[in-house]
Structure formats: structure tokens, C-alpha cells
Amino acid sequence: RAKAMHALRRAAVMASRSPPVPLARRASGSHCSRRQRWLSSAAERASSTPATPEGMPPPPSGLGAWMRRRRPIPVLGQLSPSEVCGHAAFFLSGTAFLEPEILQLRVLSVFAGGATLVFTYFHPIGSPLWLPFRWNVVFMLINSIYIYRILSEREHADRLPPQALELWERTFAPHGLSRVEFDRLLHMGTWTTLRQGVVLQEEGKPSNSVFLIVHGGADVTSRGVPIRALREGQFVGDMGLSSGIHLRQPVMGVAHVQTNQQTTVLVWRRQLLSAAMADRPPLRRAFTAALTADVVRKAQDRRSATGLGAEDHARLVDELLRARYASILRAILSASGEVSAEDKDQLRSYRRLYSIGDAAHQQVLGDLGWTEADFDFGRRRTARRPAPP
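Below: a short report on this structure.

Describing the pairing of strand E12 (residues 263–269)
Here comes step 1: For E12, the tally of buried residues reaches six of seven residues, placing the bulk of the element in the interior.
Here comes step 2: In terms of strand pairing, strand E3 (residues 190–194) meets E12 through five bridges, oriented antiparallel. If you follow Trp191 over to E12, its bridge partner there is Leu266.
Here comes step 3: Sheet analysis places strand E6 (residues 209–215) next to E12, joined by six bridges and oriented antiparallel. Residue pairing across strands places Phe211 opposite Val267, the latter belonging to E12.

As C-alpha cells, then:
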């Protein structure tokens, strides 16, 4: 190539030294003039192009060239900075899939997206890949928004009042409920203080609320007979939630519950609480565990504070548990006239938890106008009239 450019320069010099062409010969030699002009312009281009000692144009320079230039890297071999970013993006994406904590997952995803942006902009082919570049910008924005929301929720949960923090630490934290989930639980309910003698649940009347006693206490009676006294951290009106039975319709109260002093309670509407437990598995697991622990505490309290004998007290508690089961079963069967396989599993779990035998189960079904065969089939096929409640 160097020889060719040298020849072109020599031809240009010779053309410039040529004598003027006579006017008579100009018309016949026009093709020679065009050739000389082409040689002159070629010589000028060749002389204006800087050449390296080897006669080649210099390599490209700048940030793009530096990012695409391969260098020896220990263990990895020959890689450019752009390719290093590409490998880092895939490594961070794979690590994010292994991260169970949602905040860390989204942070890793943002870093992986940033490395992908560098790789796609300084791609080894020599030009940016705009399609993946733009989509990664969108994904990074989405993850950044959710990171901001998570951090905001955690900051708000860290500013809970001392009374709420005490309730969380005593009742829900031992069962794995986070502060953020507890903060959501608080916002679903109503925190209120009641005077002595306020009725939380009335026997034989629809109950549509679930209460958690924060401070104070309440007395439980059935048909005027004292059953037990409830203390701080105990629930009223849970009606099967401890067994995973989420009833969104009102349930008949089976006992009379009344505050025995000034009492602070946290109140939830059953529909909202059931919907939240169905949508948020961490909340469902922790709330169910807290209810189960309360059930165990109540089962261990086999004596009332009024001096009722242990045998009579146990009989009244068993009757109360059977009435609760009847109320729950009535609510399930009256909702749609059918009982699903999931409902059956939850009812079996409730019966095991409260030691309700087959005879009591069949008696409750008979009182509701159902047979055991109807229950197993999933809907009532016989035309029996239910017994009055």
C-alpha cells in the first residue's frame, strides 16, 4: 500500500509539471484531463491521511475503544471491561434469584441492571444495543420504586409508639411477624379504649369483629355462668381463625364477653382481616400461630375465678367449644349451601384442636339439617329441616 501511495504522489507531481495542452488537442484529450484530476485528488487524500510506520491508520481512541479493548485478566483470560460488566450482570442476576429477602433481591437486580447497561452500550460489536438498554432502564426504575417503598415502610414501622411495640414484642414477634407486617395489621384495625362494662361479644347475636386485648381484661360467661377471665394479649371472636377458617360473614356469638375494667383493645372487621390473611402468607402464619398460642392458654385455664368446680367448669367449656363449632359450621354451610374439600380439611383441623368427636360432629350436622353423607358429598341432597338454633 505504501508503494501505491508513493506512485500516486509521483503521478501527481508529473501531472503538475506537464506543459500546457494546445487548444486543438484539448477536445480530443479530455479523457486524459479527467484522469489527471482523479490522480491529483487521490494524491491529496493520500498525503492528508496520517500513516503509522506500518502505513496503517491509527487505531480508534476514546472511552469506547478503551471499554472494548481486551486485556489479560488472571484466571479469566482475555476480556474487555465491557465483557467484564456483562459477566458481572449475569452473576448478580443469578445471585438475586437465590436471595430470599425481597429488599436485597431488588438491590442486586438494580446493580445487575446497571452492569447490563454498561455492557449493552459498549458492546463488543462496536455500537450500542439500544433495545436491551432501554428495557433495562425500565426494569431498574421499577426496582428502584419498590426499594423506596420498602425503605419507607421500614422507616414508618420503626417509629411505632411504645404501646404498639410492646404489643408486637409480646404477642406477634415470637411467631415471626415483622414490624412492617405488624404496622399493616395496625392500620387495618382500630385502637380504642373502652370503659368497664362494655360488651365485646353478645351470646346468640351475630359477631362481626375480632378483638385483641392490649391492656385490661374481660369476663366470659355462658348462660349467665362465668367461664373464664381474659387478660392482656388474648383474643375475642376469632371463631376458627386459629385453624385457618376464614369466615367473611358474621358468626353467631356463643358467649357473653364484657370488659371488667377500663380496657384498651385492637379491633378488626372479620372481612378485612380474613382478606389480608388470605393475601399475605407471612401475616397469616404469624397471626394463626398467635391465635393457637392463645387457644393453648385458654385450654390450660380450667377453673373460673368464681369457685366453680373443676368438673362443672370443664363441662361448660366443652359445651362452649361445641357451640363454637356449630356456629362456624352453620356459617360455612349457609354461605353457599356447599362445603369444599378445603373447608372439610379446616374443620377437621379445628375438631382435632378442640377435641370435638365424631358424635358431636354428627349431632351438629343433624341440628343444621345435614347428614354425614351430605357433608361427605359436599352439598345437601336430602330435604331435612334444620333444628331451630
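Section: the pattern of salt bridges
Here comes step 1: Going through the model one piece at a time under the given rule, you end up with 11 salt bridges.
Here comes step 2: Put simply, Asp238 and Arg324 hold a salt bridge, and the shortest N to O gap is 3.4 Å. Taken together, the positions of Asp238 in the loop between strand E9 (235–236) and strand E10 (251–252) and Arg324 in helix H12 (residues 310–336) put the pair 86 residues apart, joining distant regions of the chain. When sorted by exposure, Asp238 lands in the same class as Arg324, which is buried.
Here comes step 3: Between Arg348 and Asp345 there is a salt bridge, with its nearest N and O atoms 2.5 Å apart.

Looking at helix H6 (residues 102–121)
Here comes step 1: With 20 residues, H6 should cover 28 Å at 1.5 Å per step; its first-to-last C-alpha distance of 29 Å lies within 8% of that length.
Here comes step 2: Taken as a whole, H6 has its buried residues at Leu103, Arg106, Leu108, Val110, Ala112, Gly113, Ala115, Thr116, Leu117 and Thr120.

Describing the packing of aromatic side chains
Here comes step 1: Within the structure shown, the criterion is met by 10 aromatic pairs.
Here comes step 2: On the basis of an interplanar angle of 50° and a centroid distance of 6.1 Å, the ring pair of Tyr121 and Phe133 is categorised as tilted. Linking Tyr121 in helix H6 with Phe133 in helix H7 (residues 130–157), this pair joins segments that are 12 residues apart in sequence.
Here comes step 3: Summarising the aromatic geometry, the rings of Trp268 and Phe287 are spaced 5.5 Å apart at their centres and angled 80° between planes, so their arrangement reads as edge-to-face. Of this pair, Trp268 sits in strand E12 while Phe287 sits in helix H11 (residues 281–300), and the two are 19 residues apart along the sequence.
Here comes step 4: Judged by relative accessible area, which is 1%, Trp268 ranks as buried.
Here comes step 5: In this structure an aromatic cluster arises from ring pairing among Phe172, Phe182, Phe235, Trp268 and Phe287.
Here comes step 6: Positioned above the aromatic ring of Tyr146, the side-chain terminus of Arg106 is 4.3 Å from the ring centre.

Thoughts on unusual backbone geometry
Here comes step 1: Phi is positive for Arg223, close to 55°, though the residue is something other than glycine.
Here comes step 2: Among the secondary structure elements, Arg223 is positioned in the loop between strand E7 (218–222) and strand E8 (225–230).
Here comes step 3: Judged by its relative accessible area of 58%, Arg223 falls in the exposed class.

Focus: helix H14 (residues 358–367)
Here comes step 1: Within H14, the full set of buried residues consists of Ala360, His361, Val364, Leu365 and Gly366.
Here comes step 2: Just beyond H14, the residue with positive phi is Gly369, at close to 85°.

Comments concerning the nonpolar core
Here comes step 1: Ile328, Leu329 and Leu347 are the most contacted members of the largest nonpolar core, which totals 41 residues.
Here comes step 2: Breaking this core down by element, the ones donating at least two residues are E6, E7, E8, E12, H12, helix H13 (341–354) and H14.
Here comes step 3: Ranked by the residues each element gives to this core, the list is headed by H12, at 10 residues.
Here comes step 4: Excluding residues within four positions of it along the chain, Leu347 makes contact with Ile245, Tyr325, Ile328, Leu329, Ile332 and Phe375.
Here comes step 5: Among the nonpolar cores identified, the runner-up in size contains 25 residues, and Ala164, Leu165, Leu177 and Trp268 belong to it.

Re the packing of helix H5 (residues 81–97) against H6
Here comes step 1: Taken N-terminus to C-terminus, the directions of H5 and H6 make an angle of 160°; their axes are 8 Å apart at the nearest point. If you check the angle between H5 and H6, you find them roughly antiparallel. Both H5 and H6 take part in a crossing whose hand is left-handed. Mapping the contact onto sequence places Ser82, Glu83, Cys85, Gly86, Ala88, Ala89, Leu92, Ser93, Thr95 and Ala96 in H5 and Leu105, Leu108, Ser109, Phe111, Ala112, Ala115, Thr116, Val118 and Phe119 in H6.
Here comes step 2: Classifying every residue of the contact of H5 with H6 by side-chain character gives 12 nonpolar, six polar and one charged.

The rules behind each value
Residues numbered from 1 in each chain as written. Predicted model: local features only at pLDDT ≥ 70, side-chain atom pairs only at ≥ 80, totals over all residues. Heavy atoms only, no water. Buried < 20%, exposed > 50% of the residue type's maximum accessible area, 1.4 Å probe, protein only. Helix = DSSP H or I, 4+ residues; strand = E, 2+ residues; numbered from the N terminus. Pairing = 2+ DSSP bridges. Salt bridge = Lys/Arg side-chain N within 4 Å of Asp/Glu carboxyl O. Expected span 1.5 Å × (residues − 1). Phe/Tyr/Trp six-rings, centres within 6.5 Å; stacked < 30°, edge-to-face > 60°. Lys NZ or Arg CZ within 6 Å of the ring centre and 35° of its normal. Core = buried A, V, L, I, M, F, W, Y, C linked by side-chain atoms within 4.5 Å. Contact = heavy atoms within 4.5 Å. Axes fitted to C-alpha atoms, helices over the stretch in contact; angles between N-to-C directions. Parallel < 35°, antiparallel > 145°, perpendicular 65-115°, else oblique. Left-handed = near helix turned anticlockwise from the far one by under 90°. Nonpolar A, V, L, I, M, F, W, Y, C, P; charged D, E, K, R; others polar.

Without other data, these values stay purely geometric and don't point to any function.
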